[in-house]
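# Notes for the structure review
One letter stands for each residue in the lines below.
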Amino acid sequence: MSGTDSKPYEDESATRPVPTAGGGPVTTAGGESVAVRGGESVAVESLAVAGGEPGTVRLPVQEPRAARGEAPKSPPGRDRYLDLLRSVALVRVVFYHVFGWAWLSVVFPSMGVMFALAGSLMARSLARPAVSVIRGRLRRLLPPLWLFAALLVPAMLYAGWRAPRGEGFGWWLRLATYLVPLGAPPYPESLGSTGGWLEQGWADEAAGPLWYLRAYLWFVVASPLLLKALRRAPWPVFLAPVALTAVIGTGVVTIPGETGLALVDFAQFGSCWVLGMAYQEGLLRKVPRYLAVSLSGFLMAFGLWWALGHAGDDGIDLNDIPLAQATWSLGFTVILFQYAPSWKTLPGRLARLDRFVTLTNNRAVTIYLWHNLLILATVPVIDLLWRLPASDGAFGTFLGDSYAWWMFVVVWPLLALAIVLVGWVEDVAAKRRPRLWPDGGGSGKNRPRRA
């Protein structure tokens, strides 16, 4: 990000001492004025050291940037285009988990976009010492997870979840991944009884998003090495995750258990994470746009071709086809970044979304962690409508036919309630003052800070 220019001297007749590199005063040989940038002297051949005698020079007025025909530099801040992409990705994730439409993974590959955005922020943060950056990322990630686990794990135990036979201590040890998600936390695929408030797969659905936290943690820890490697060998580092996905995500090599699942997740989204780093480092701008877009088109075409040959029962769902996910998401995200504007504020009609974008970015972890559980919670809420007398007639038919849409409508007030009740943990984790509804209030003062 560009910083602001130094302020020009206001008094043209003022004289100021100009130090030399060695610290001694200087004077001019013929009364020439010298230019000064940001308070530092600029070498001029006519300057002569005055043998320890104090000397001064006249300093010219520096014209404003606008008078010199230059565009003013913007102050550092959030890129609202990237913030908008994150908001769109979160809404699409909720949409997908309500309706289950496989084609949504093609229309907007949310997970690839979210990993690319996270990789960009991580690369910017690594201007600071790597250890402190990783520690800060963990501090922001873990407390929201702990609060989520503090509700989910006791609820599953209360509902009858127990250690599988023969696991014993190992099962309790795996529960520690709810504290630090180096692996995917365990949960039962079926829990409860038929006819209960929630369907028997509620625990599976509620814990489903936790794979993202595991992958994110792996990327955060690996980022210092990835960034160094990217600077030395951009193309091999950029394409290596796709190649790894082609090996372990297609069955050529199978790695069993949670380790295999974690490696597949790491591989299929690795190029998107590295792409975000390359965007932040300015490496992406060095590739001609026509070439980047053309190669992305071929990559996406391959992804669709591969997906067509490996479609499942639900059709082309990239979430179930790692190689298609890796190639399509990468090509899609390259195009998004190649045409990325730099917005300090949302332009035109998009400005109406400013408070929503600010809120969803400030509460991205809360929304992602809780949305699946809250989607399930819409069911007993909507079922209350069946108790109305009109539900026996046309209204009941309409309710049944549009049930998923009712879920989509009801989940947003529940998410708003979750933001108010538990979202403040994100502020505490980031060492900020807790806020109940950080949407900026139209002033922008609550916009998410730079990472």
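Residues numbered from 1 in each chain as written. Predicted model: local features only at pLDDT ≥ 70, side-chain atom pairs only at ≥ 80, totals over all residues. Heavy atoms only, no water.

### Digging into the confidence of the model for the chain
Worth spelling out the cut-off: Confidence scores here are pLDDT values: one per residue, from the predictor, ranging 0 to 100. Here a strand is any run of E in DSSP of at least two residues, a helix any run of H or I of at least four, and the numbering for each starts at the N terminus. Here a residue-residue contact requires only that any non-hydrogen atoms of the pair lie within 4.5 Å.
Residues of the chain with pLDDT of at least 70 account for 80%, and the chain-wide mean is 84. Model confidence for the chain, summarised as mean pLDDT per element, is weakest for strand β5 (residues 47-49) at 37 and strongest for helix α11 (residues 322-338) at 98. Low confidence marks residues 1-75, where pLDDT is under 50. Its contacts with residues over four positions away, or in another chain, come to 90 contacts.

### Digging into a nonpolar patch on the surface
The condition is simple: Exposure above 30% relative accessible area and no salt bridge define the residues that can form patches, which grow by joining like charges within 9 Å and nonpolar side chains of Val, Leu, Ile, Met, Phe, Trp and Tyr within 5 Å. Working definition of accessibility: Shrake-Rupley area with a 1.4 Å probe, residue cover restricted to the visible protein chains. Salt bridges are identified by distance alone: a Lys or Arg side-chain nitrogen within 4 Å of an Asp or Glu carboxyl oxygen. Each residue's exposure class comes from its accessible area (1.4 Å probe, protein chains only) as a fraction of the maximum for that residue type: buried when under 20%, exposed when over 50%, partly exposed otherwise.
On the surface, a nonpolar cluster with roughly 650 Å² of combined accessible area is contributed by Leu417, Val420, Leu421, Trp424, Val428, Leu436 and Trp437. For the nonpolar patch, the secondary structure elements donating two or more residues are α15 (403-422) and α16 (424-429). Of all the elements, α15 adds the most residues to the nonpolar patch, at 3 residues. Within the fold, leucine 417 resides in helix α15. Relative accessible area serves as the criterion here: at 47%, leucine 417 is assigned to the partly exposed category.

### Digging into the packing of helix α8 (residues 234-248) against α11
Note the following rule: For helices, the axis comes from a line fit to the C-alpha atoms of the stretch in contact; other axes are also lines fit to C-alpha atoms, and the angle between any two N-to-C directions lies between 0 and 180 degrees. By the definition adopted for this analysis, an angle is roughly parallel if under 35 degrees, roughly antiparallel if over 145, roughly perpendicular if from 65 to 115, and oblique otherwise. Rotating anticlockwise by less than a right angle from the far helix to the near helix defines a left-handed crossing, while the corresponding clockwise rotation defines a right-handed one.
Running from amino to carboxyl end, α8 crosses α11 at an angle of 160 degrees, the nearest separation of the two axes being 8 Å. Relative to α11, the element α8 lies roughly antiparallel. Every pair of crossing elements has a handedness; the one defined by α8 and α11 is left-handed. Counted together, Phe238, Val242, Thr245 and Ala246 of α8 and Pro322, Leu323, Ala326, Thr327, Leu330 and Val334 of α11 form the full contact between these two elements.

### Quick notes on the packing of α8 against helix α9 (residues 257-281)
How two helices pack is summed up by the angle between their axes together with the distance between the axes. Heads up, the rule is: Just so you know the grouping, Ala, Val, Leu, Ile, Met, Phe, Trp, Tyr, Cys and Pro go in nonpolar, Asp, Glu, Lys and Arg go in charged, and all remaining residues, Gly too, go in polar.
At a minimum axis distance of 8 Å, the contact between α8 and α9 shows a crossing angle of 160 degrees. Between α8 and α9, the interaxial angle falls into the category roughly antiparallel. Classified by chirality, the crossing of α9 by α8 is left-handed. Two secondary-structure elements touch here, α8 through Val237, Phe238, Leu239, Pro241, Val242, Leu244, Thr245 and Ile248 and α9 through Leu263, Val264, Ala267, Gln268, Gly270, Ser271, Val274 and Leu275. Within the contact of α8 with α9, the residues separate by chemical class into 12 nonpolar, 4 polar and no charged.

### Focus: the nonpolar core
To be explicit about the condition: Joining through side-chain atoms within 4.5 Å is the link that ties buried Ala, Val, Leu, Ile, Met, Phe, Trp, Tyr and Cys residues into a set, and such a set is a nonpolar core.
Formed by 99 residues in total, the largest nonpolar core has its most connected members in Leu85, Met156, Tyr178, Trp273, Met277 and Phe337. With sequence-adjacent residues up to four places away left out, leucine 85 is seen in contact with Phe108, Val113, Leu117, Leu336 and Phe337.

### Focus on helix α7 (residues 210-232)
As a reminder, the rule being used: For a helix, the expected span equals 1.5 Å multiplied by the residue count minus one. By definition, a residue's bend is the angle between the axes fitted to the seven residues ending there and the seven starting there.
Between its terminal C-alpha atoms α7 stretches 33 Å, which fits the 33 Å expected from 23 residues at 1.5 Å a residue. Bending of α7 peaks at approximately 55 degrees at the position of serine 223, with proline proline 224 no more than four residues after it.

### Quick look at the packing of aromatic side chains
Worth spelling out the cut-off: Planes of paired rings set the category: under 30 degrees apart is stacked, over 60 is edge-to-face and the rest tilted, where pairs are Phe, Tyr or Trp rings (Trp by its six-membered ring) whose centres lie within 6.5 Å. Two limits define a charge over a ring: the Lys NZ or Arg CZ must be within 6 Å of the ring centre, and within 35 degrees of the ring normal.
With the rule as written, the count across this model stands at 36 aromatic pairs. An angle of 65 degrees between the planes, with centres 6.4 Å apart, marks the rings of tryptophan 101 and tryptophan 405 as edge-to-face. With tryptophan 101 in the loop between α1 (80-99) and α2 (104-107) and tryptophan 405 in helix α15, the pair connects residues that are 304 residues apart, well separated along the chain. Measuring from centroid to centroid gives 6.2 Å for tryptophan 211 and tyrosine 212, while their planes differ by 90 degrees, and the two rings are edge-to-face. Overall, the relative accessible area of 23% leaves tryptophan 211 in the partly exposed class. Since its relative accessible area comes to 10%, tyrosine 212 is described here as buried. Over the face of the ring belonging to tyrosine 339 we find arginine 289, whose NZ or CZ atom lies 4.3 Å from the ring centre.

### Concerning a positive patch on the surface
Short version of the rule: Neither His nor the chain termini are counted; the positive set is Lys and Arg, and the negative set is Asp and Glu. Note that the charge is assigned to NZ on lysines, CZ on arginines, CG on aspartates and CD on glutamates.
A surface patch of like charges, here positive, comprises Arg128, Arg135, Arg139, Arg140 and Lys431. Here arginine 128 shows up in the loop between α3 (110-125) and α4 (130-158). Note on arginine 128: relative accessible area 43%, which makes it partly exposed.

### Structural notes on the environment of glutamine 200
Structurally, the position occupied by glutamine 200 is in the loop between α5 (169-174) and α6 (202-207). A sequence separation of 10 residues divides glutamine 200 from serine 190, and the C-alpha atoms of the two residues are 5.1 Å apart. In this view, glutamine 200 contacts Glu189, Ser190, Leu191, Gly192, Ser193 and Thr194; residues no more than four positions away in its chain are not counted.

### Concerning the environment of isoleucine 367
Within the secondary structure layout, isoleucine 367 lies in helix α13 (residues 364-383). Residues isoleucine 367 and leucine 415, spaced 48 residues apart in sequence, show a C-alpha to C-alpha distance of 6.7 Å. Excluding residues within four positions of it along the chain, isoleucine 367 makes contact with Leu90, Thr360, Leu415 and Ile419.

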